[in-house]
Amino acid sequence: MTFDKLKAEGVDAAVGAPSISDPELLKSLRSQMLKFAHLQLGDEQSAEDAVQEALIGALKNAAAFRGHAALKTWVFAILKNKIADSLRQKKRLGEASALMQEREEQEDLHELFNAKGFWEPDERPAAWGNPQEALHQSQFWKVFELCLEALPGQQARVFMMREYIELESDEICASVGISTSNLNVIMHRARLRLRECLENNWHQTKGQPC
Amino acid sequence: MLNCQSVTRLVSEAQERRLSVSEKMGLKVHLMMCSGCRNFSHQIPFLRQAMRAFAQGENEKATK
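Note that the structure is a prediction, hence the values are computed from the model and not measured.

Cut-offs and rules
Residues numbered from 1 in each chain as written. Chains lettered and ligands numbered in written order. Predicted model: local features only at pLDDT ≥ 70, side-chain atom pairs only at ≥ 80, totals over all residues. Helix = DSSP H or I, 4+ residues; strand = E, 2+ residues; numbered from the N terminus. Buried ≥ 20, exposed ≤ 12 C-beta atoms within 10 Å, placed from the backbone. Contact = placed C-beta atoms within 7 Å. Rg over C-alpha atoms; globule rule 2.2 N^0.38 Å. Nonpolar A, V, L, I, M, F, W, Y, C, P; charged D, E, K, R; others polar. pLDDT = per-residue confidence, 0-100. Domains from an automatic or database assignment. Expected span 1.5 Å × (residues − 1). Core = buried A, V, L, I, M, F, W, Y, C linked by C-beta atoms within 7 Å. Axes fitted to C-alpha atoms, helices over the stretch in contact; angles between N-to-C directions. Parallel < 35°, antiparallel > 145°, perpendicular 65-115°, else oblique.

**Observations concerning the overall build of chain A**
Working step 1: Helix and strand content of chain A: 10 helices and 0 strands.
Working step 2: Reading the secondary structure of chain A in the N-to-C direction produces α-α-α-α-α-α-α-α-α-α.
Working step 3: In chain A, buried positions account for 34% of the 210 residues.
Working step 4: Taking as baseline every contact in chain A between residues at least 6 positions apart, the subset at least 24 positions apart corresponds to 72%.

**Concerning the overall build of chain B**
Working step 1: Check the secondary structure of chain B and you find 4 helices and 0 strands.
Working step 2: If you list the helices and strands of chain B from N to C, you get α-α-α-α.
Working step 3: For chain B, the C-alpha radius of gyration of 15 Å lies well beyond 11 Å, the compact-globule estimate for 64 residues.
Working step 4: Across its three principal axes, chain B shows a C-alpha extent of roughly 45 × 25 × 15 Å.
Working step 5: Classification of the 64 residues of chain B by burial places 30% in the buried group.

**What to know about the interface of chain B and chain A**
Working step 1: Facing the 31 residues of chain B at the interface are 32 residues of chain A.
Working step 2: Breaking the side of chain B that touches chain A down by element, the ones donating at least two residues are helix 1 (4–13), helix 3 (35–55) and helix 4 (58–61) of chain B.
Working step 3: Its residues assigned to classes, the side of chain B that touches chain A shows 11 nonpolar, 12 polar and 8 charged.

**Some details on the confidence of the model for chain A**
Working step 1: Overall, the predicted model of chain A reaches an average pLDDT of 80, with 75% of residues at or above 70.
Working step 2: Here residues 1–17 of chain A is modelled with pLDDT under 50, and outside its nearest four sequence neighbours on either side it reaches 25 contacts, counting other chains as well.

**What about the domain arrangement of chain A?**
Residues and elements named next belong to chain A.
Working step 1: Along its sequence, chain A is carved into domain 1 (3–89) and domain 2 (95–206).
Working step 2: Taken residue by residue, the interface counts 7 residues in domain 1 and 9 residues in domain 2.
Working step 3: Secondary-structure elements contributing two or more residues to the side of domain 1 that touches domain 2 are helix 2 (23–41) and helix 4 (68–89).
Working step 4: No other element matches helix 4, which puts 5 residues into the side of domain 1 that touches domain 2.
Working step 5: Looking at side-chain class alone, the side of domain 1 that touches domain 2 contains 4 nonpolar, 1 polar and 2 charged residues.

**As for helix 3 of chain B**
Working step 1: With 21 residues, helix 3 of chain B should cover 30 Å at 1.5 Å per step; its first-to-last C-alpha distance of 31 Å lies within 8% of that length.
Working step 2: Those residues of helix 3 of chain B not exposed but buried are G36, C37, F40, S41, Q43, I44, L47, A50 and F54 of chain B.
Working step 3: The elements touched by buried residues of helix 3 of chain B are helix 7 (138–150) and helix 10 (180–203) of chain A together with helix 1, helix 2 (21–33) and helix 4 of chain B.
Working step 4: Just downstream of helix 3 of chain B lies G57 of chain B, where phi reads positive at about 85 degrees.

**A few points about the nonpolar core**
Nonpolar side chains in soluble globular proteins tend to end up buried together.
All names here are of chain A.
Working step 1: Ranked by internal contacts, the top residues of the largest apolar core, which has 56 residues, are A37, L79 and V158.
Working step 2: No other element matches the 9 residues that helix 10 contributes to this core.
Working step 3: For this core, the domains that each give at least three residues are domain 1 (3–89) and domain 2 (95–206).
Working step 4: Those residues in contact with V158 that lie beyond four places of it in its chain are I172, V176, L183, I186, M187 and A190.

**Notes on the packing of helix 10 of chain A against helix 1 of chain B**
Working step 1: In contact at an axis separation of 9 Å, helix 10 of chain A and helix 1 of chain B are set at 105 degrees when each is read in the N-to-C sense. As the angle between them shows, helix 10 of chain A and helix 1 of chain B are arranged roughly perpendicular. Facing helix 10 of chain A, whose interface residues are N184, M187, H188, R191 and L192 of chain A, helix 1 of chain B presents T8, R9, S12 and E13 of chain B.
Working step 2: Considering only residue class, the contact of helix 10 of chain A with helix 1 of chain B consists of 2 nonpolar, 4 polar and 3 charged.

Spelled out as structure tokens, the structure:
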């Protein structure tokens, strides 16, 4: 459904908020939501539906939000719930592709570890000091988002299900159609990759010694 | 003796399930000797913390 149609249905009652009835903001928010929902749900129709329901839910309550940041966070929180519901309802949607992509992602480990399974010298994790401080720094978040986007499809999907939508492992296994051991492998790869990306693009640019 | 690849796998799995006593022992011994994996073992729980903060919209509030 388009913004115009939503408007036609009279759900843009949130006058005064910063505001979800602003067409530009809604358009950008909607496209971010669709991208995320599509990754998680695997097909366009379910993604459209989830985003649709989330937006309608948000529009109905939009008056309660004061800032753009709070609005986006809120809308995504609603979307997360819609996606979780949708995933629980339709089990096993991408078994074959899951296994194929997993093989492609085997590559990662050979770059990080030598033949005996010990760190390659230039891949050995450095000390990050007190990284909690970074959670208040916009530079960190810029890198963090880029690193999340750089995760390959299957890793991104499973990692976000676990760490962002916060589904339990068995729920993820059921909806993606993988075993617990597949899940552990995928999470391991995703964490290795995300960690490395943060180290190369955020930690090393802080100018701290290892 | 566990290698770094297996240790990083265990550190990751510790986020999903309770490790067995022998897994914990193997991990502990390795971490005492390997600074790379020790750093790794601090960074993985931080990733979860950062994801939680991300989901709460902390990235939108950051200023510095």
